[in-house]
Structure formats: structure tokens, C-alpha cells
Amino acid sequence: MIWQKTKLHLHPGFEHQADPFLSTSSLVNRTFIMTHASSRIAGVRSVALSVPDLQATADFFTKIWGLELTDNQGGIQYFKGTGSDAYLISLRQSQGPAKLIDVTLRARSLQAIQDIQQHLGEHGKVISPTAPVSEPGGGVACTISDKVGRIYKLVFADVQHPASSDQKDRPIRLAHVVLNSDEIAITQKFYEDVFDFSLSDRTKIMAFMRCNSDHHSIAFGDTDNNALNHIAFLVPDLDSVMRGGGRLKDAGFPIAWGPGRHGPGNNTFNYFVGPNDIVVEYTSEVEQIDDNYVARFPSDWTWPPGRIDQWGISPMPHPTLKEAQKKVFFETPT
Ligand SMILES: [Fe+2]
């Protein structure tokens, strides 16, 4: 952990608003910011979902999205990418609309899981204590939730297979998960205090949080609900993002936003509304940062008129995307 002096680097296409008050205040706020990787969480590993049409959603993720069905245990199907993680998505049958069962974070150590439980305090609760995992990858895990019912599985010592070499057009691993929050300052603080994440950047509508060298592994959408915003999959290169856009379009899932290159994170993107309003993103070239990175704030992250990404070639996000981003909520733990 180090204290950082501020410096201002904006990606091409951004304009810095010359508001003397905002600039001064934002510079003061940014003058001494603690930045570091999380001591407790190594990364986001996987997402568990329940869906009303298990087979159709499984077909989407294997035949169109590019994952591989790797296991089926007790009615839960597991899908891996080409990277080392045992799986990236699990699917089970639901009786109603699609739900988020958990977001699985990989802990750095067993001690880290204990530390997280200790720091949870009144900000959440342990749903299931640390115990061996029978799912693919194994290891040990505990499950916790925050006050509004976001559920996190914290896994440690899960088997990470040697990664097969990157395959064009196929997801390698999860890049990030974005969750909506109707109390974003509280959610951000939960991540800082409990998971030891750091704020990478804050725009008017999003808070980008990191736990490793990826610019963000989790982000929060500043909204009026606590739904899943989207799940992003890292593909090998820009060509895979673009070709994915064509493949999904041919399969009846047109690009809902993209192609483009984001500001914060500098990553390329194509977004789609998948089955059951699960929003998924292909992304590549995620900015790698270290302790020298200095968080920037809404007054820094501004766009020229009519522009919301660096390239400016994509139409604005399709209304169906915005609607879908309010549809998938966490399952209430039993
Ligand atoms: Fe994203």
C-alpha cells in the first residue's frame, strides 16, 4: 500500500471539464489515495445462476457463447472457458424467472476467508460456514451475504487446471461482474472494508473496483435497484469481440451495445441480452494497472456530446439492454 500523488491521464476522446471548483476539489480528493490489490480476494471466479429453461440457456452458453459443458452434478451444469478456472458459469433449473445464486470470489488464503467473516460484522451474515466443496474445482468455501441480499461464495484452494492456449472467439475467464446498487456508497464501502477492494475509478453512473491488476473485477451501477447488470467474459483479442458480435447476431442475439472501447478500463466491448435477460459482454484488452494508478472521478470522466465510448461508432445502448439490466436479482437464501 502506498500513498499516491495525483496525475491526470485520460484516454483519447475524453474532455476534461475546465470547472475550476470541480477540478480543484477533485485534485484535492485525489491527492492522497491509497491504492493496492486486495489482501483477501484474488479475483472473481464464477457466477451461479438459476434459469427457467435450463437446456436452452445451456445451449446458448455452449453452442453460441463459446463455453464448454464440463460437469453435471445433481442437476447443476458447469461451464468452463479456455483458462484455468474449473468453471465460469453454473446453471440450475428455476421455477420462476432467472436468479443469481451467487458470485464466487477466489480468496487469497484460508485466513483471508476468516478475515472477511470477521470484518462482515453487522454488514452482512454468513449463510454457510467454511467447508469442503464438492463442485468442480473443489477446495473449501463459505457463503456470505450483504445486507441487501447479494450472495458471495468465497472459495479457496480450488483446483486451477493448466490453461489450454487461448482460442480465438472463445472466452478465457470472467473479466468482471457488474452489479446494480441503490446505495452505491454503502456497497463500495462494503467491498473496501470486507473484501479489501480498491476504487479504480468513479464515473457518474458506475464505481469500478479492483482486487488485482485488472482495472476492475467488480463494478457497481448507480441505479434504483440491486439487480445483475452484466457478466463480462474475457476473450483473447479485439477480433474475437468483433467476430463474437457477428456470431451472436446470426444466432438471433443482436449486439445491444457495441462495438466500442470503454473509458475506465480501456477495454473493448460488445454487449448482448442473452436468454432470460441475462446480459453478457465480450471484452478484451482490459487495462492492467498497479499501485501507481490514481482513481478519477465524474468530473474527470466526461465525454464529448453524443459520445459514451472512445470510438463513437456504436449506436447508443438498445432499450432492451437497459430493461434486461433490471430483471435478474439474487435468489433469497433459504
Ligand atoms: Fe462490462
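Analysis parameters
Residues numbered from 1 in each chain as written. Predicted model: local features only at pLDDT ≥ 70, side-chain atom pairs only at ≥ 80, totals over all residues. Helix = DSSP H or I, 4+ residues; strand = E, 2+ residues; numbered from the N terminus. Buried ≥ 20, exposed ≤ 12 C-beta atoms within 10 Å, placed from the backbone. Contact = placed C-beta atoms within 7 Å. Pairing = 2+ DSSP bridges. Core = buried A, V, L, I, M, F, W, Y, C linked by C-beta atoms within 7 Å. Domains from an automatic or database assignment. Axes fitted to C-alpha atoms, helices over the stretch in contact; angles between N-to-C directions. Arc of directions from axis to C-beta.

Account for the overall build of the protein, naming residues and giving values.
Scanning the protein from terminus to terminus reveals 6 helices and 19 strands. Taken over 334 residues, the protein has a buried fraction of 45%. Contacts in the protein between residues far apart in sequence, at least 24 positions, make up 70% of those at least 6 positions apart.

Can you tell me about the pairing of strand β3 (residues 41-51), naming the residues and giving the values?
Most of β3 sits inside the fold, with 10 of its 11 residues counted as buried. By the bridge criterion, 8 bridges tie β3 to strand β7 (residues 99-107) in an arrangement that is antiparallel. Among the inter-strand pairings, A48 is bridged to a residue of β7, identified as D102.

So what's going on with the nonpolar core? Which residues, and what values?
Within the largest apolar cluster, 78 residues are counted, with the highest numbers of intra-cluster contacts made by L49, I89, L154 and V177. Two domains each donate at least three residues to this core, and these are domain 1 (41-156) and domain 2 (172-328). Each residue touching L49, except ones within four places of it in the same chain, is listed here: I89, L91, A98, K99, L100, I101 and I278.

Account for the sheet that holds strand β18 (residues 279-284), with residues named and values stated.
Reading across the sheet, the 8 strands line up as β12-β13-β14-β11-β15-β18-β17-β16 and stay open at both edges, with mixed pairing between neighbours. With one partner strand each, in any of the chains shown, β12 (198-202) and β16 (257-261) form the two edges of the open sheet. This sheet shows a mean twist of 20 degrees between the axes of neighbouring strands, independent of strand direction. Here strand β15 (residues 228-234) pairs with β18 via 4 bridges, running parallel. Counted as the bridge partner of A232 is E281 from β18.

Quick rundown of the environment of V280? Include the residues and the values.
Here V280 shows up in strand β18. V280 gets classed as buried once you count the C-beta atoms within 10 Å, which come to 23. For the pair V280 and L321, spaced 41 residues apart in sequence, the C-alpha separation works out to 10.0 Å. Those residues in contact with V280 that sit more than four places away from it in its chain are W65, H230, I231, F233, F272 and G274.

Just give me the short version of the environment of Q114, but keep the residues and values in it.
With respect to the secondary-structure elements, Q114 resides in helix α3 (residues 110-120). Here the alpha-carbon distance between Q114 and P129, two residues 15 residues apart in the chain, equals 10.0 Å.

Any details on α3? Residues and values, ideally.
The set of residues buried in α3 consists of A112, I113 and I116. All buried residues of α3 fall inside an arc of 100 degrees around its axis, so they share one side. Across from the buried face of α3, at angles greater than 90 degrees, the exposed residues are Q111 and Q118. The elements touched by buried residues of α3 are β7, β8 (124-132), β9 (140-146), β10 (151-156) and α4 (184-194). Positioned one or two residues after α3, G121 has a phi angle of 45 degrees, which is positive.

Describe helix α2 (residues 54-64), listing the residues and the values that go with them.
Those residues of α2 lying buried are T57, F60 and F61. Take α2 and look down its axis: the buried residues cluster within an arc of 85 degrees, on one side only. Turned more than 90 degrees away from the buried face of α2 sit Q55, A56 and K63, all of them exposed. The secondary structure elements touched by the buried residues of α2 are β3, β5 (76-80) and β6 (89-93). Where α2 terminates, the next one or two residues include G66, which has phi positive at roughly 105 degrees.

Describe the pairing of β18, naming the residues involved and giving the relevant values.
Burial of β18 is extensive: 6 of the 6 residues sit out of reach of the surface. Here β18 shows two buried faces, one formed by V279, E281 and T283 and the other by V280, Y282 and S284. In terms of strand pairing, strand β17 (residues 268-273) meets β18 through 6 bridges, oriented antiparallel. Looking at the pairing, F272 lines up with V280 of β18. Taking the residues between adjacent antiparallel strands as the criterion, β17 and β18 are bridged by 5 residues, where N276 takes a positive phi near 60 degrees.

Everything listed here is a matter of geometry and, on its own, says nothing about what the molecule does.
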